[in-house]
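Residue-level structural notes
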Amino acid sequence: MFDSITGSIRNAVNKIRHQDDVAALTKATAELKKALLKADVHHKTTKELIASIELQTKNSGIGQDSFLRALKSELTNLLTTSGNQGFVFSSTPPTTILMTGLQGSGKTTTTGKLANYLKIRKKKVLVAACDLQRLAAVEQLKQIAAQIEVDIYFDDNEKDPIKLALAAKEKAIKEHYDVLLIDTAGRLAIDEELMLQLKNVKDAINPSEIFYVADALTGHDATKTATTFKEKIGIDGVILSKYDGDTKGGVALSIANQVEVPLRFIGTGEKMPDLEVFIPDRIVSRLLG
Ligand code: GDP
């Protein structure tokens with residue numbers, strides 16, 4: 001998956017040929033720095049990582065093993081942000097999740113994937129089609145819901161996303177759903193009007209959590225927009241979509257470190273089962289090859 005960064009990390013490790021060779025460690029960290037920056041890891045994240053790895057390697061005696069151990073532990077630490085992991089149910093059902101993100105990020109597909117994930121775990125799930133911004137989004141969610149056999153709330157005559165979301169929530173409460181997933185309006189870029197609309201939906205619905213779907217293929221932009229959503233709306237988790245197509249691998253590190261919101265799931269393909277709980281160890285193993 002991440003052939004280039006994995007290869008570069010190996011090159012960095014191979015710079016250290018002898019024990020306690022400080023000059024070689026400097027060369028190795030320089031190589032690692034280049035690899036991380038090339039993989040779209042934010043420059044601040046890279047700087048912090050390199051400093052910690054260097055210190056940890058020196059403290060445990062310079063060598064290939066200690067360098068790799070330091071690298072593994074620092075990458076895992078970085079990806080282990082405090083907060084929830086995977087899906088968390090609220091004490092009073094329905095657990096209500098607002099699904100947010102830029103248009104094309106994979107928000108509607110991910111709403112379906114998450115519904116499917118919960119259905120497999122025997123939960124009663126309702127998805128609500130409140131993305132009235134993209135014409136095809138409601139139809140797309142209807143098709144996905146039919147495919148995975150999950151209930152959907154929509155109202156083709158209702159143009160107000162707040163009223164739609166409230167009606168969906170009322171249905172979810174009345175009919176004892178465990179989870180309500182609300183697909184909200186996507187947008188091409190950060191847009192003040194749509195941000196305000198989303199904020200109003202949030203205030204009306206009082207969701208258990210807000211998930212931001214970030215497209216791994218957009219590199220640094222994914223980190224920037226997630227930060228803006230965090231500041232303007234408040235987000236509780238990031239789902240990194242299209243991880244299967246991400247050849248660089250750095251965006252997860254940057255989001256964890258710069259946005260400081262836990263990564264909850266990764267999207268690993270276009271199909272409904274292609275969703276995995278984000279587990280730091282597993283991601284680090286993939287990065288290190
Ligand atoms: P939305 O506008 O954010 O609702 O985006 P969509 O859900 O329509 O997704 C946009 C495109 O991304 C579609 O072609 C999806 O099949 C694709 N997509 C979504 N998630 C993933 C993923 O994890 N991996 C891959 N390869 N494609 C994905």
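Residues numbered from 1 in each chain as written. Predicted model: local features only at pLDDT ≥ 70, side-chain atom pairs only at ≥ 80, totals over all residues. Heavy atoms only, no water.

1. Some thoughts on the overall build of the chain
The following threshold applies: Secondary structure elements follow DSSP: runs of H or I of four or more residues count as helices, runs of E of two or more count as strands, with numbering from the N terminus. As a reference, a globule follows 2.2 Å times the number of residues to the power 0.38, and the radius of gyration itself is taken over C-alpha atoms. Residue exposure (1.4 Å probe, protein chains only): buried if accessible area is under 20% of the type maximum, exposed if over 50%, otherwise partly exposed. Whether two residues touch is decided by their heavy atoms; if any such pair falls within 4.5 Å, the residues are in contact. Where accessible areas are quoted, they stem from the Shrake-Rupley method and a 1.4 Å probe; at the residue level, only the protein chains shown are allowed to cover. A residue counts as positive if it is Lys or Arg and as negative if it is Asp or Glu; His and the chain ends are not included. To locate a charge, the coordinates of NZ of Lys, CZ of Arg, CG of Asp or CD of Glu are taken.
Helix and strand counts for the chain come out as eleven helices and eight strands. A globule of 289 residues ought to have a C-alpha radius of gyration of about 19 Å, and the chain, at 21 Å, matches this closely. Its C-alpha atoms put the chain at 70 × 40 × 30 Å along the principal axes. Per-residue burial for the chain yields a buried fraction of 52% across its 289 residues. Counted over contacts in the chain with a minimum sequence separation of 6, partners at least 24 positions apart contribute 75%. Surface accessibility of the chain: about 13300 Å² in total, with carbon and sulfur atoms responsible for 49%. Between the centroid of the 38 positive side chains of the chain and the centroid of its 37 negative side chains there is a distance of 4 Å.

2. Here we look at the site of the ligand
Worth spelling out the cut-off: Any residue with a heavy atom positioned within 4 Å of a molecule or strand is treated as near that molecule or strand. Polar contacts here mean pairs of N or O atoms no more than 3.5 Å apart (in protein, one a potential hydrogen donor and the other a potential acceptor; neighbouring residues in sequence count only if both atoms are side-chain atoms).
As a matter of local geometry, the ligand sits amid 18 residues, with G104, K107, T109, D244 and E270 nearest to it. Here G267 contributes a backbone N or O atom positioned 3.3 Å from an oxygen atom of the ligand. In the complex, 81% of the free accessible area of the ligand, which totals 580 Å², lies under the protein chains. A per-element tally of the shell around the ligand places helix α5 (residues 107-120) first, with four residues.

3. Observations concerning the side chain of T29
Mapped onto the fold, T29 is located in helix α2 (residues 22-38). Of the residues examined, T29 reaches a relative accessible area of 5% and is grouped as buried. Only 3.0 Å separates the side chain of T29 from the backbone oxygen of T26, close enough to count as a polar contact. Other than its neighbours up to four places away in sequence, T29 contacts I50, E54 and F67.

4. Focus: the packing of aromatic side chains
As a reminder, the rule being used: Whether two aromatic rings pair depends on their centres lying within 6.5 Å, for rings of Phe, Tyr and Trp, where Trp uses its six-membered ring; planes under 30 degrees apart make the pair stacked, over 60 edge-to-face, and the rest tilted. Here, a charge over a ring is recorded when the distance from Lys NZ or Arg CZ to the ring centre is within 6 Å and its angle to the ring normal is within 35 degrees.
In the structure shown here, the tally under the stated rule is four aromatic pairs. Between the aromatic rings of Y212 and F229, the centroid separation amounts to 4.6 Å while the plane-to-plane angle is 45°, which identifies the pairing as tilted. Remark: F229 occurs in helix α9 (residues 220-232) and Y212 occurs in strand β5 (residues 209-215); sequence separation between them is 17 residues. Each member of the pair Y212 and F229 is classed as buried. Through successive ring pairs, a cluster of aromatic residues spans F87, F89 and F211. Stacked on the ring of F89, the Lys or Arg K123 has its end atom at 4.7 Å from the ring centre. Over the ring of F154 we find K142; its NZ or CZ atom is 4.1 Å from the centre of that ring.

5. Observations regarding the pattern of salt bridges
For clarity, the cut-off: By definition, a salt bridge exists where a carboxyl oxygen of Asp or Glu is found within 4 Å of a side-chain nitrogen of Lys or Arg.
Enumeration over the complete set of coordinates arrives at 14 salt bridges. Among the ionic pairs, D183 bridges to K107, the shortest N-O distance being 2.7 Å. Placement of the pair is D183 in strand β4 (residues 179-183) and K107 in helix α5, with a sequence separation of 76 residues. Across this residue pair, the class does not change: D183 and K107 are buried. Of the charged contacts, one joins K142 and E139 as a salt bridge, the two residues approaching to 3.7 Å between their closest N and O atoms. Taken together, the residues span about one helical turn, with K142 and E139 both in helix α6 (residues 137-148) at a distance of three residues. Residue classification places E139 among the partly exposed positions, given a relative accessible area of 41%.

6. What about the packing of helix α4 (residues 64-79) against helix α10 (residues 251-259)?
In a pair of packed helices, the angle between the axes and the distance between the axes together describe the arrangement. Applied cut-off: Fitted lines through C-alpha atoms serve as axes, helices being fitted only where they are in contact, and the angles separating the N-to-C directions of these axes extend from 0 to 180 degrees. For classification purposes, angles smaller than 35 degrees are called roughly parallel, those larger than 145 roughly antiparallel, those between 65 and 115 roughly perpendicular, and all remaining angles oblique. Think of it as three bins: nonpolar holds Ala, Val, Leu, Ile, Met, Phe, Trp, Tyr, Cys and Pro, charged holds Asp, Glu, Lys and Arg, and polar takes everything else, Gly as well.
With their axes 8 Å apart at the nearest point, α4 and α10 run at an angle of 60° to one another. Classified by the angle their axes make, α4 and α10 are oblique. On α10, the residues touching L75, L78 and L79 of α4 are A252, L253, A256 and N257. Classifying every residue of the contact of α4 with α10 by side-chain character gives six nonpolar, one polar and no charged.

7. Considerations on the nonpolar core
Just so we agree on the cut-off: Working definition of a nonpolar core: buried Ala, Val, Leu, Ile, Met, Phe, Trp, Tyr and Cys residues. They are joined through side-chain atoms within 4.5 Å.
In terms of nonpolar packing, the biggest core is built from 64 residues, with L32, F67, L240 and I255 touching the most fellow members. When neighbours within four sequence positions are excluded, L240 is seen to be in contact with A214, A216, V251, A252, I255, L263, F265, I266 and G267.

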